[in-house]
Amino acid sequence: MRGILDAVVIGAGSAGLGVSYFLQQRGCTHQVLERGCIGETWRTQRWDSFRLNSTNIRTMLPGDSYDGPDPWGAITHHEFVAYLEGYVDRYHLPGAHQGGG
């Protein structure tokens, strides 16, 4: 991206991507910076059996709604990373890297 940005968002986790969504909705030029890939902390700092503490229906980021088979279940951290990657794709959010590792 060239030129002057309105904002820089640090972190491509749920909070950073939610902020990016709202900045984009308001027409603000911005960049999302992450030390690794989207959801890096979720990828590298969770054990394999970890599940989110909130229910699926409460895990949705701004602009999304839950349409899966288990609204009151809890997804794994791997599923959450996939959700974050899909969110970036759906809303064309800038700057966050994708892919594992």
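The coordinates are above.
On a predicted model such as this, the values are computed, not experimentally measured, just so you know. (Residues numbered from 1 in each chain as written. Predicted model: local features only at pLDDT ≥ 70, side-chain atom pairs only at ≥ 80, totals over all residues. Heavy atoms only, no water.)

Draft legend 1. Up close: the side chain of Asp-64. Structurally, Asp-64 can be placed in the loop between α2 (40–44) and α3 (77–91). Of note is the side chain of Asp-64, whose polar atom sits 2.8 Å from the side chain of Tyr-83. Beyond its immediate sequence surroundings of up to four residues, Asp-64 is in contact with Tyr-83, Tyr-87, Arg-90 and Tyr-91. (Helix = DSSP H or I, 4+ residues; strand = E, 2+ residues; numbered from the N terminus. Polar contact = N/O pair within 3.5 Å; in protein donor to acceptor, adjacent residues only side chain to side chain. Contact = heavy atoms within 4.5 Å.)

Draft legend 2. Quick look at a nonpolar patch on the surface. Nonpolar side chains collect at one region of the surface, where Val-8, Ile-10 and Leu-33 lie side by side and expose about 300 Å² of accessible area between them. Relative to the assigned elements, Leu-33 resides in strand β2 (residues 30–33). Leu-33 sits in the partly exposed class, given a relative accessible area of 42%. (Patch = residues over 30% accessible without salt bridge, like charges linked within 9 Å, V, L, I, M, F, W, Y side chains within 5 Å. Areas by Shrake-Rupley, 256 points an atom, 1.4 Å probe, with all protein chains shown as cover. Salt bridge = Lys/Arg side-chain N within 4 Å of Asp/Glu carboxyl O. Buried < 20%, exposed > 50% of the residue type's maximum accessible area, 1.4 Å probe, protein only.)

Draft legend 3. The pattern of salt bridges, seen in detail. If you walk through the whole model with that rule in mind, you get two salt bridges. In this structure, the salt-bridge partner of Arg-43 is Glu-85, at a minimum N-O distance of 2.4 Å. Of the two residues, Arg-43 sits in helix α2 while Glu-85 sits in helix α3, which places them 42 residues apart along the sequence.

Draft legend 4. Local environment of the packing of helix α1 (residues 14–25) against α3. Two elements in contact, α1 and α3, have axes separated by 11 Å at closest approach and are oriented at 15 degrees. Here α1 is positioned roughly parallel relative to α3, judged by the angle of their axes. Crossing of α1 over α3 shows left-handed handedness. Across from Ser-14, Leu-17, Gly-18, Tyr-21 and Gln-24 in α1, the residues of α3 making contact are Phe-80, Leu-84, Tyr-87, Val-88 and Tyr-91. (Axes fitted to C-alpha atoms, helices over the stretch in contact; angles between N-to-C directions. Parallel < 35°, antiparallel > 145°, perpendicular 65-115°, else oblique. Left-handed = near helix turned anticlockwise from the far one by under 90°.)

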